[in-house]
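# Coordinates in review
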Amino acid sequence: MSASGAVGDRAACAAALSRLPGMTPARLARVLRGRTPEAAWSLVEEGWAPDELRPPEGRDALVGRWREHASRHPPTAVVAACAELGVRPVLPADLPGGDRLVGVDPPVSVLFAAGDTSILAAPCVALVGTRRATALGREIASVLGADLARAGVAVVSGLAAGIDAAAHAGVLAAEATPPVGVVGSGLDVPYPKANTRLWAAVARVGLLLSEHPPGVGPMAHHFPERNRIVAALSAVVVVVESHRRGGALITADLAGALGRTVGVVPGSLRNPAAEGTNLLLRDAQTVPVLDALDVLIAAGVTSPAARPALQPSGGDATEQLILDHLGEGGTVDQLVARTGVGLGPVVEALDRLDERGLVRPSGPEWQRVLRNSRW
Amino acid sequence: MLATVRSSTLLGADGHPVTVEVHVSNGLPSFTIVGLPDEACREARDRVRAAVLSSDLAWPQSRVTVNLAPSMLRKAGSGLDLAIAVGVLVAAEKLGPNAIDGIGFVGELGLDGSVRAVTGMVPLVAALPHGPCVVPAARVHEAVAVAHGPVRAAETLRQVVACLANGAPWPEHRTPPPERVVAPPDLADVRGQPLARLAVEVAAAGGHHLLLAGPPGAGKTMLAQRLPGVLPALDADLAVRVTSIHSAAGLPIPASGLVRRPPFRAPHHSASLVSMVGGGTSMLRPGEISTAHGGVLFLDELGEFAPAVLDGLRQPLEEGVVRITRARASVTMPAGFLLVAASNPCPCGPAGACVCGPGELARYRRRLSGPLLDRIDLRVPVSRPDVEDLLVGPPGEPSRVVAVRVAEARARALARQGCLNGSLPVGRLSEVAALRPAAQHVVRRQLERGRLSGRGLHRVTRVARTLADLRGLDELDADLVRAALALRADVLDREPRAA
């Protein structure tokens, strides 16, 4: 048996093992318990499976299928096939800060990577949340992502729709510290399809990780498994928006169990997409997150002393009146009705506030600018 | 013997003169019509013969040939019946040729000899040569305004023959009962919503197309319906043109004979391409965009219209006319309308509680955006009126006050540049709508932030010019440009831009 020297025999064998039929992260951990990947591979090639495995088709059948599969897909071929897709297998121990993945259940035995693994040496923060996010939630995720990237943090996310995608879009737009995406399918199977470009961009400037070999499609149970890696890699896991039930809450639970800090962005009581996050704030040990500085302090990147005192906003009475009445946004007509100031002065004040970067148009409405509004 | 009778036929919004030649000669009794008649026109054979016999007149027991000249022109509909019948009677020497000299005839015949109205009386009568015309009694009022001579009412073929042959008196003109006068909706009904009101005023003053976007119940339709009320009445030429189009399209014509108020057309979003731009049967009927000529075309639920229908609006929006081309004929019809479109911010309706998926939302926006939206100067968010404004707020400014400002602004624009600001060519903007330095500062920031394109700048400048005309100002200062920018909100984009 031989394997490519560039990747290392261990990673190649682990990758080949992960491709065996019926293999799961838990089974792979069983296979590798007390054995090196090379040793496990040799056993499989000769016809072996761990005694504990009780597949429905019978152990003998499984052993036969594994042996047959192993003869057709040796580690060298697996590595070469991955390389063609720009993917390489890595062992957690070989990643910068790979010890973060120790103690995860089930253990992470091998990862497939596309992009630059050295990004993991930066402080990592996960931004997670619901796929059915509100526009405001997506905006918050995007702004937090961009601010954290500018502060030198590698933003980790699951590249799902909604909050995940918005966070990474913000990171990419900031063109600062690149993002890390951890996904629940093979790296050549973008899911959801709408995020295909985002995947490519993350792989190009940042790092894409998956536990699954190329070609594996997204399965429902992959995502909770993916979440344990997201949580484990990150010093802080920030939940931006989550419904009462949601994958983001699973990630928060896993993060808590691993001793990571869980940050939560509070939301409106009327917003169903903030119900889960608000419950987390009330019922779990979490840190409220109002801006990126809160996250940086929780991650230990910045000291609490860095927070500047609140600045008076300046500007004239009309401008202040508009800021006070803007709430979660409003059209010009709504602002005229709320403030009692005429159309002309409202339009003029909005323009001046816009010039100072305090408000901005978002579709039909004017909204407060979130970014850096407090630090 | 040969008889020649004047009549006309309809193609698109225009009438075309037709000469009906009838030849009666010896031979096997027969009745043929040549000269490119359409199906309804060919059926005239049976109607005319029955009408003549019902009127106790003898049908010639000879060979009757009717030629409709010019023979290249397709003759549509039943409006030539009366002319054919009169022609047959003259050719059969039942009527003297002098009796019909220089007279035009338009009307359909019933089997009992009654003279019935046809669609398009106004353009048909306008196309008749100088001299008296005989038209169905029920539509005399439509003919009076455009006729080139005295208008004679025809009730039955028998009566027409009696009047022509024996000089019996023509029946009195029947004036239709005056329509119930319905006061047009007034802007005073709109409470609050100052920006939306301003948009309606600017649209009327500058001829700027308008998109109203907002949740259901915000008052988009209410605002749109009040736009014609602040437009000036149609001038004499335009009134005749609009009346012709409405007549050709079969719309009711007011008792006065002329459409004087700007029309308001609001086709349902299930409208087909042909019903919208015109075409159809052999006479190529005017579509909604032509019947809205000189007035307002209101498209509620813009996103629900078929994409092909919306695409079909582009050329008329650009040129003010629509060219319909078919294998047999092509016509150009006026389509100078003010487009007012209304749209929900997303397919599911109310903003804020949107349950649309991102794909659904993207599809909806894609359908709305693009070339059509590019031609719309004013895009205004309409939010539900404030509760206090609705309950205790003062009534808004009434339409008649706004209409005065609109008329003055239009007069200023026409005196300065010969066209409304909405159709001001780009090349003339710097000459008649130069921005002062403070105004330039405002738009420069929008351009730098990528919120305004070059084309958008032109549109904002035109709108600012109209705002200045409404206030009687010459110079375009910062506050006008700010207001113009507020009237061009990115109303369909509810996604936060990338940070």
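For the structure itself, look to the data block above.
This section reports on the structure supplied with the text.

## As for the sheet that holds strand β8 (residues 261-264) of chain A
Residues and elements named next belong to chain A. As summarised here, the arrangement of the 9 strands in space is β1-β2-β6-β5-β4-β3-β7-β8-β9, forming an open sheet in which the pairing is mixed. Either end of the sheet is taken by a strand with one partner, and the two such strands are β1 (88-90) and β9 (287-288). By the bridge criterion, 4 bridges tie strand β3 (residues 124-128) to strand β7 (residues 236-239) in an arrangement that is parallel. Bridge assignment links Val 125 to a residue of β7, and that residue is Val 236. Along the sheet, helix α8 (residues 196-205) contacts β2 (111-115), β5 (180-183) and β6 (207-210); its crossing angle with β6, the most-contacted strand, is approximately 110°. Contacts from helix α9 (residues 222-233) reach β3, β4 (154-157), β5, β6 and β7, with the element oriented near 155° to β5.

## With respect to the interface of chain A and chain B
If you look at the interface, chain A gives 28 residues, while chain B gives 29 residues. Only α6 (135-150), α7 (163-174), α14 (332-339), α15 (343-355) and β10 (359-362) of chain A provide two or more residues apiece to the side of chain A that touches chain B. When its residues are assigned to classes, the side of chain A that touches chain B shows 14 nonpolar, 7 polar and 7 charged.

## Side note on the sheet that holds strand β18 (residues 378-381) of chain B
Residue and element names in this part refer to chain B. Overall, parallel pairing links the 5 strands, which are arranged β11-β14-β17-β10-β18 in an open sheet. Among the strands making up the open sheet, the edge pair consists of β11 (264-265) and β18. Strand direction decides the pairing type here: strand β10 (residues 210-213) and β18, joined by 4 bridges, are parallel. The residue bridging Leu 211 from the neighbouring strand is Arg 379, located in β18. Against the sheet, helix α7 (residues 194-206) engages β10, β17 (338-343) and β18, with an angle of about 160° to β18.

## Here's the deal with the pairing of strand β8 (residues 133-136) of chain B
Residue and element names in this part refer to chain B. Strand direction decides the pairing type here: strand β5 (residues 104-105) and β8, joined by 2 bridges, are parallel. Of the residues in β8, the one forming a bridge with Phe 105 is Val 134. Pairing between β8 and strand β9 (residues 151-154): 4 bridges, direction parallel. Among the inter-strand pairings, Pro 136 is bridged to a residue of β9, identified as Ala 154.

## With respect to the environment of Val 90 of chain A
Residue and element names in this part refer to chain A. Looking at where Val 90 falls in the secondary structure, it is placed in strand β1. You can call Val 90 buried: it has 20 C-beta atoms within 10 Å. As a C-alpha pair, Val 90 and Ser 109 span 19 residues in sequence and 9.1 Å in three-dimensional space. If near-sequence neighbours (up to four positions away) are discounted, Val 90 is found in contact with Ala 11, Leu 95, Leu 111, Ala 113 and Thr 117.

Rules of the game
For every chain, the first residue of the written sequence is number 1, and numbering continues from 1 along that sequence. In the order they appear in the text, chains get letters beginning with A and ligands get numbers beginning with 1. Since the coordinates come from a predicted model, pLDDT governs what is reported: local features require at least 70, and pairs of side-chain atoms require 80 or more to be given and counted, while whole-chain, interface and lining totals use all residues. When DSSP finds two or more bridges between two strands, those strands count as paired. Helix and strand labels come from DSSP, where a helix needs a run of H or I of at least four residues and a strand needs a run of E of at least two; each type is numbered from the N terminus. The contact criterion used here is simple: two residues whose C-beta atoms, placed from the backbone, lie within 7 Å are in contact. Axes, fitted as lines to C-alpha atoms, cover a helix only where it is in contact. Angles between the N-to-C directions of the axes lie from 0 to 180 degrees. Side-chain classes are defined by residue name, with Ala, Val, Leu, Ile, Met, Phe, Trp, Tyr, Cys and Pro counting as nonpolar, Asp, Glu, Lys and Arg as charged, and the others, Gly among them, as polar. Here a residue counts as buried when 20 or more other C-beta atoms fall within 10 Å of its C-beta, as exposed when 12 or fewer do, and as partly exposed in between; the C-beta atoms come from the backbone.

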